[in-house]
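Structure at a glance
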Amino acid sequence: MSTRWPIVHFTVNGQSCAVQAPPMKRLLDVLREDLRLTGTKEGCGEGECGSCSVRMNGELVNSCLIPVLQAEGAHIQTVEGLATDSELHPLQRAFLACGGAQCGICTPGMLMAAAQLLECNPHPSLAEIREGLAGNLCRCTGFIRIFESVIAAAADSTTPVSGQTAHAR
Amino acid sequence: MNTNATNRIVGSPVPRKEGMDKLLGRARYVDDIEREGMWHGATVRSSIPRGLIRSVGFDHRIDWTEFTIVTAADIPGNNTIQLIVADQPCLADGMVNHCDEAILLLAHPDKHKLRAAVNAVRVEYEALPPVFTIEESERQNTIVWGADNLLKSFLLEKGDVDSAWARAANIVEGEYRTGAQEHLYIENNGVIAEWSAENGVTVWGSLQCPFYVHRSLLAVFDLPEDKVRVIQTETGGAFGGKEDYPSTLAAHAALLAMKSGHPIKMIYDRMEDLAATTKRHPSRIRHRTALDKDGKLLAMDIDLATDGGAYSTLSSTVLSRATLHSPGPYVCANVRVRSHSWATNTVPYGAFRGFGAPQAIFAIERHMDEIAAAIGLDPIELRRRNFLHDGDTTATEQVMREPVILDKLLVRALRESDYYARRAQFSRDNAGSTIKRGMGIAAFYHGSGFTGSGERYLNSLAGVDVTPEGRVRVLVSSTEFGQGTNTVLTQVAAEAIGIDYADVVMAPPDTGVVPNSGPTVASRTTMVVGRLIERACLQLVGLLQKSAGLNEHYSREEFFAACERHRATRGEVVSLCRYEAPPGIFWDDQKYRGEAYPAFAWSIQVAQVAVDTVTCCAEVEEFWSVQEVGRVINPVLAGGQIEGGIAQGIGYALYEKVLLQNGHMINNQMTNYIMPTAEDVPPIHVFFEEIPFQHGGYGAKGIGELPHDGPAPAILNAIKDATGVSLHAIPLLPEDLFAELAAHERLVEAPLP
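Keep in mind that this is a model prediction, so the values were computed, not measured.

What follows concerns the overall build of chain A. The secondary structure content of chain A amounts to 5 helices and 5 strands. Against the 2.2 N^0.38 benchmark of 15 Å for 169 residues, chain A shows a C-alpha radius of gyration of 16 Å, consistent with a compact globule. Taken along the three principal axes of its C-alpha coordinates, chain A extends 50 × 30 × 30 Å. Taking all 169 residues of chain A together, 58% fall into the buried category. At a minimum sequence separation of 6, the contacts of chain A that also span at least 24 residues come to 61%.

Here we come to the sheet that holds strand β7 (residues 150-158) of chain B. Hydrogen bonds between backbone groups are what pair the strands of a sheet, and the pairing can be parallel or antiparallel. Residues and elements named next belong to chain B. Strand order across the open sheet formed by 6 strands is β7-β15-β14-β13-β8-β28, with mixed pairing between neighbours. Of all strands in the sheet, those with a lone pairing partner are β7 and β28 (729-730), marking the two edges. Where β7 meets strand β15 (residues 334-343), 8 bridges bridge the pair, whose relative direction is antiparallel. Paired with K158 across the bridge in β15 is V335.

Next up on the list: the nonpolar core. Of all hydrophobic cores here, the largest spans 282 residues; its most connected members are A193(B), V203(B), A253(B), A254(B), A493(B), I533(B) and I715(B). When residues no more than four places from it in sequence are discounted, the contact partners of I533(B) are A462(B), V464(B), V474(B), L489(B), V492(B), A493(B) and G697(B).

Residue and element names in this part refer to chain B. Taken as a whole, chain B is organised into domain 1 (19-28 + 460-578), domain 2 (35-128 + 189-267) and domain 3 (283-451 + 592-743). One C-alpha centre belongs to domain 1, the other to domain 2; they are set 35 Å apart. In this complex, domain 1 contributes 15 residues to the contact, which on the side of domain 2 involves 18 residues. For the side of domain 1 that touches domain 2, the residue count by class is 6 nonpolar, 7 polar and 2 charged.

Attention now moves to helix α4 (residues 210-221) of chain B. Three- or four-residue spacings in an α-helix give side chains the same orientation, since the helix completes a turn every 3.6 residues. All names here are of chain B. The end-to-end C-alpha distance of α4 is 16 Å, a good match for the 16 Å that 12 residues give at a rise of 1.5 Å each. Burial analysis of α4 places 9 of its 12 residues in the buried class, the great majority of the element. For α4, every residue scored as buried is listed here: P210, Y212, V213, H214, S216, L217, A219, V220 and F221. Looking at the buried positions of α4, the neighbouring elements they touch are β10 (200-205), β11 (228-232) and α5 (245-260). Among the residues trailing α4, D222 stands out with phi positive, at a value near 50 degrees.

On to the packing of helix α16 (residues 635-654) of chain B against helix α17 (residues 711-723) of chain B, then. Residue and element names in this part refer to chain B. With their axes 8 Å apart at the nearest point, α16 and α17 run at an angle of 55 degrees to one another. When the interaxial angle is binned, α16 and α17 end up oblique. Pair α16 / α17 crosses with right-handed handedness. Residue-level inspection shows I646, G649, I650, Y652, A653 and L654 of α16 in contact with α17, the latter providing P711, A712, I715 and L716. Across the contact of α16 with α17, the residue classes tally to 9 nonpolar, 1 polar and no charged.

Attention now goes to the packing of α4(B) against α5(B). Residues and elements named next belong to chain B. In the contact formed by α4 and α5, the axes pass within 9 Å of each other and the chain directions differ by 45 degrees. With respect to α5, the element α4 is oriented oblique. When the axes of α4 and α5 are compared, the crossing they make is right-handed. Between α4 and α5, the residues in contact are Y212, V213, S216, L217, V220 and F221 and P246, S247, A250, A251 and A254, respectively. Here the contact of α4 with α5 is composed, by residue class, of 9 nonpolar, 2 polar and no charged.

Cut-offs and rules
- Residues numbered from 1 in each chain as written.
- Chains lettered and ligands numbered in written order.
- Predicted model: local features only at pLDDT ≥ 70, side-chain atom pairs only at ≥ 80, totals over all residues.
- Helix = DSSP H or I, 4+ residues; strand = E, 2+ residues; numbered from the N terminus.
- Rg over C-alpha atoms; globule rule 2.2 N^0.38 Å.
- Buried ≥ 20, exposed ≤ 12 C-beta atoms within 10 Å, placed from the backbone.
- Contact = placed C-beta atoms within 7 Å.
- Pairing = 2+ DSSP bridges.
- Core = buried A, V, L, I, M, F, W, Y, C linked by C-beta atoms within 7 Å.
- Domains from an automatic or database assignment.
- Nonpolar A, V, L, I, M, F, W, Y, C, P; charged D, E, K, R; others polar.
- Expected span 1.5 Å × (residues − 1).
- Axes fitted to C-alpha atoms, helices over the stretch in contact; angles between N-to-C directions.
- Parallel < 35°, antiparallel > 145°, perpendicular 65-115°, else oblique.
- Left-handed = near helix turned anticlockwise from the far one by under 90°.

Given below as structure tokens:
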């Protein structure tokens, strides 16, 4: 890559990153290509499907619509940052138990949207869940088990859970 | 076979086998994979629907020496995609038959340079007259395919239809139309291909049927079987849309790989995927039905036509399934179905969940409500009087040997939905409201597995082996794309052997590793392949008991110890089984008669709909689905299949419209091809009645396609119940409903602000 591109600094999942890239390069491509964080997916490239959803400075964004220069100084969280080394995020546990993921391609974005929702509203109503996930399309599940997963995670996150680890099968 | 209640794993909601990888974001889809020295590929496509290619020019502002360019002349073998009839070229050679047909391929190390290059290739055409509709094609004034535009036809006859009309108390006619539907899997089509003189072609891709792609590549490259290898990567939804199309895309990428000497990645963006890949066949179905004075069906005369698009692809088998589902789940002594699939100059229509059945069931189930209205009978009662029962024969004279419990399903659906009470409530409330509510029903079957002799021809092979590390591996080419293949087949193996779910893994879906267990289509995997895995596991246990001293009762540890003793003497621990048709199954291709399917899944669905007569928006408020799919292997996954299918069916009815202009899809974006969102799907209530099917894996029948068959007619029947307006076509978007309500003077003017 040409050396004339500026270096953009931000953090991803708590780690500092410096990426030299064309300033209009999509954050989605920077995550996937420059940082090899391929958990974030592209579904439509125009902000309709939400598959590329990540959290940026506490907001949910479509990373296909964010030029990387806009991420200067930002704190970004992707699906790779949800689980800790020892424990799954309550949403990941719930999606696994409730059948919230089928083909899995919308799942990373859906998890980020759900995480955003639960952080702003730890005990959402069904209507609030529907609204909170309305920007994320799933073609497999009909959404019903995704709603159930979010409800289960909301209940789960208030009670301590003996850790099912990321490495368990 | 073991279907008793003591099963430990079959019937339990074990978590999805590959679920952890998907939730952690580490599942590897094709676009997540990089290969050393990889280039990117792109496609130059036809901008006209039909014509001769006069010249191909290259804009001088592009340095073409940086690119690899592939045309039909570079194809070492046959320039055809192998499916049923080899009429579709891999790359257009002198002529195009639809917009967005592939003409030329480009590859470059930098994918960002490809778009401009594609636009800098100038194709000059001599346009020929195109055909865009079933009506234009069947008129045969312009011939665009073969001698007569006819891709396929069937004649299904039972009894004597023509003599029945004179005896009829009532005759009811109707015409019904369905539109195209896009799969809208969230992961677009994509592959990576490599080529070497030594190893031939290797393809990784998002696909349903590795051996379909394998077979097609053999022909395009004129290579022996061991020089083509196809590996399915994690696949982000398919729904039939990755049944046949990946054969074309894989060939394109592999041709570029061969010529460039580099691995080639080709990932379609959403616009290209929507414009260039298959959709559900549009249909026009006419019913003429004779009834006796008691509302019993005397004769059904059905004329069924589908739009097949520019090449035959899967249109013949889609037409066959549509034909076989068109009389619905009813008894009738005299049935005639004349069905035709017509060529048009659009992208070929292909496989989509249901495979012709949703079109056929939309027509018959809407028609049943029209009949009920015409003869003054309750639509529920009309259906009840005509339902198939055990021992009855279908239109192909297949005797229903397995239990048919439509009455029981109906009773449950009516009770769970509180159908009659809600209807009564709505008929009271509707008069004083601009919002009109109604209830609608659909009753249907879906044939499990390949149609007719299909499963015999497939002759599937599947099984298990045991690795030295002490894992049982399921050996199948049946793929996972969300529907649960990995989970269900490993459950079956763990159950049959008597080991833990965690002891069983899937072998990689790689044609170099696994046998051909047939394509992952037609709701066949759990029933047909599941049964093969069950048999192979029981065969393995028997073998170990004979050869390796395994006792009749054994622990998990004793099983794996016996495997190692067997390995020490035989070298490997493997057990394969080949498909055996259930006894008494015979299909006559010539007469189009006999056992159309080894088993049927049955369902009753009920929709509650609210129609806003001001905005013309129809909304599904609640939905109930009761079904009998044999044994449910995993209740969480099975419920997810039903709910997802219903959501797609709601989209089919009310949201999803493919708009073609000059044969090109013009709303080829998620912005303007609209699917139901989290705010659109209603509460969906799912209920299973289980009757184990003795020839299915642990009693299972097909499930995946069934739920998509019923929502459209149930919803339009509910709209009729709500508004009194009979609607005969889907998709029914607000603008369509506006026109219909206006025509029937049922519109309400918006109150002034």
